[in-house]
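Results of the structural survey
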Amino acid sequence: MPEPERPERPERFEGPELYDPVGPGPHEAISPTGQGGGMDLAMEEAESLEQPPGPAAPGAPAPADKARSLWSDAWHQLRRNPVFVVSSLLILFLVVIAIWPQLIADGDPLRCDLSKSQQGSAPGHPFGYDTQGCDVYTRTVHGARASITVGICATLGAALLGSALGGLAGFFGGWSDALLSRVADIFFGIPVVLGGLVFLSVVTSTTVWPVVGFIVLLGWPQIARIARGSVITAKQNDYVQAARALGAGNSRMLLRHVAPNAVAPVIVVATIALGTYIALEATLSFLGVGLRPPTVSWGIDISNAASQIRNAPHMLLYPAGALSLTVLAFIMLGDAVRDALDPKLR
């Protein structure tokens, strides 16, 4: 059969360009339908994909931020927390003067002049003198070294020992978990001050290490209990069960999957405990069983000034104020870290 003749295409006339239903326009690969249907929507999407991305229009929403980890999210929040900023700057200042006390006090804390005993403020000696005629300002500055050294070393020792024992007991369970719990209960039953009086009274060393050892001995059970509970919670998560199903060993699961997700509560407790340990060292030194002369300590100076509080209150005011400020700074830092690492408190 002969093919039917196709109608001839009408010629275009001079004038405004009209829509041609048969062929594409002069700048179109496919002619739009003009009816707002699916074909026109597809055409618009195709054209938008061909156009290179340009600058965002004013007022347009910014692209979503990348997902942050727990630590990056905590740091992002801590930088905007004024409590963290103030406490960190104060702790940094205390650590610097503990390492280099000569930066702000070039005198000798053991150089005394009995003729100036209990005198008040004088030029070059803003805090006055103590009973032995020693400069209270110089002794207050140099006393930061012993107190901060005891606090940091005791915190590190208690955190490492407690985290290791508590983490292993919580991960493996069984008899090791039961044994650790009973040993921790024994140490919890020892009064701290009474234990210090008994333990440190037989020590003749004048260094900070007996005090550090005693605080670690009585401080690790608290951190061990926190680490145990955190590890028990972390090992029940799906990613740990998946790693176990894939054949990962106990050491790999503990170090790669459990420990990084269980260490946050330990850091919070250790940071708060650091300030408590500094106050404990001062208490033991005040009672005469902690640090001993010639070591310069805030607790020793407070003990010497307690009997002269009516005659020379400046002897007690400045070392006690420095001790209180240091303990407050570490407790504020611990509170800020706790708020940043605990999603429930945000």
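Above this note sits the structure.
As a starting point, this report considers the structure included with it.

Calculation notes
- Residues numbered from 1 in each chain as written.
- Predicted model: local features only at pLDDT ≥ 70, side-chain atom pairs only at ≥ 80, totals over all residues.
- Heavy atoms only, no water.
- Helix = DSSP H or I, 4+ residues; strand = E, 2+ residues; numbered from the N terminus.
- Buried < 20%, exposed > 50% of the residue type's maximum accessible area, 1.4 Å probe, protein only.
- Areas by Shrake-Rupley, 256 points an atom, 1.4 Å probe, with all protein chains shown as cover.
- Core = buried A, V, L, I, M, F, W, Y, C linked by side-chain atoms within 4.5 Å.
- Contact = heavy atoms within 4.5 Å.
- Axes fitted to C-alpha atoms, helices over the stretch in contact; angles between N-to-C directions.
- Parallel < 35°, antiparallel > 145°, perpendicular 65-115°, else oblique.
- Left-handed = near helix turned anticlockwise from the far one by under 90°.

**A closer look at the overall build of the chain**
- Helix and strand content of the chain: 12 helices and zero strands.
- Reading the secondary structure of the chain in the N-to-C direction produces α-α-α-α-α-α-α-α-α-α-α-α.
- Taken over 346 residues, the chain has a buried fraction of 36%.
- As displayed, the chain offers around 21100 Å² of accessible surface, 64% of which is attributable to carbon and sulfur atoms.

**Quick look at the nonpolar core**
- By size, the foremost hydrophobic cluster in this structure holds 30 residues, and its most contacted members are Ala144, Ile278, Leu323 and Leu341.
- Counting residues per element, the ones that place at least two in this core are helix 2 (70–78), helix 3 (82–99), helix 4 (136–172), helix 10 (264–286), helix 11 (298–306) and helix 12 (314–341).
- Here this core takes 12 residues from helix 12, the largest share from any one element.
- If near-sequence neighbours (up to four positions away) are discounted, leucine 323 is found in contact with Ile278, Ala282, Trp298 and Ile302.

**Topic: the packing of helix 8 (residues 238–245) against helix 9 (residues 250–262)**
- The interhelical angle for the contact between helix 8 and helix 9, taken along N-to-C directions, is 165°, at an axis separation of 10 Å. Considering their axes alone, helix 8 and helix 9 lie roughly antiparallel with respect to each other. In terms of crossing hand, the pair formed by helix 8 and helix 9 is right-handed. For the pair helix 8 and helix 9, the contacting residues are Tyr239, Val240, Ala243 and Arg244 in the first and Asn250, Met253, His257, Val258 and Asn261 in the second.

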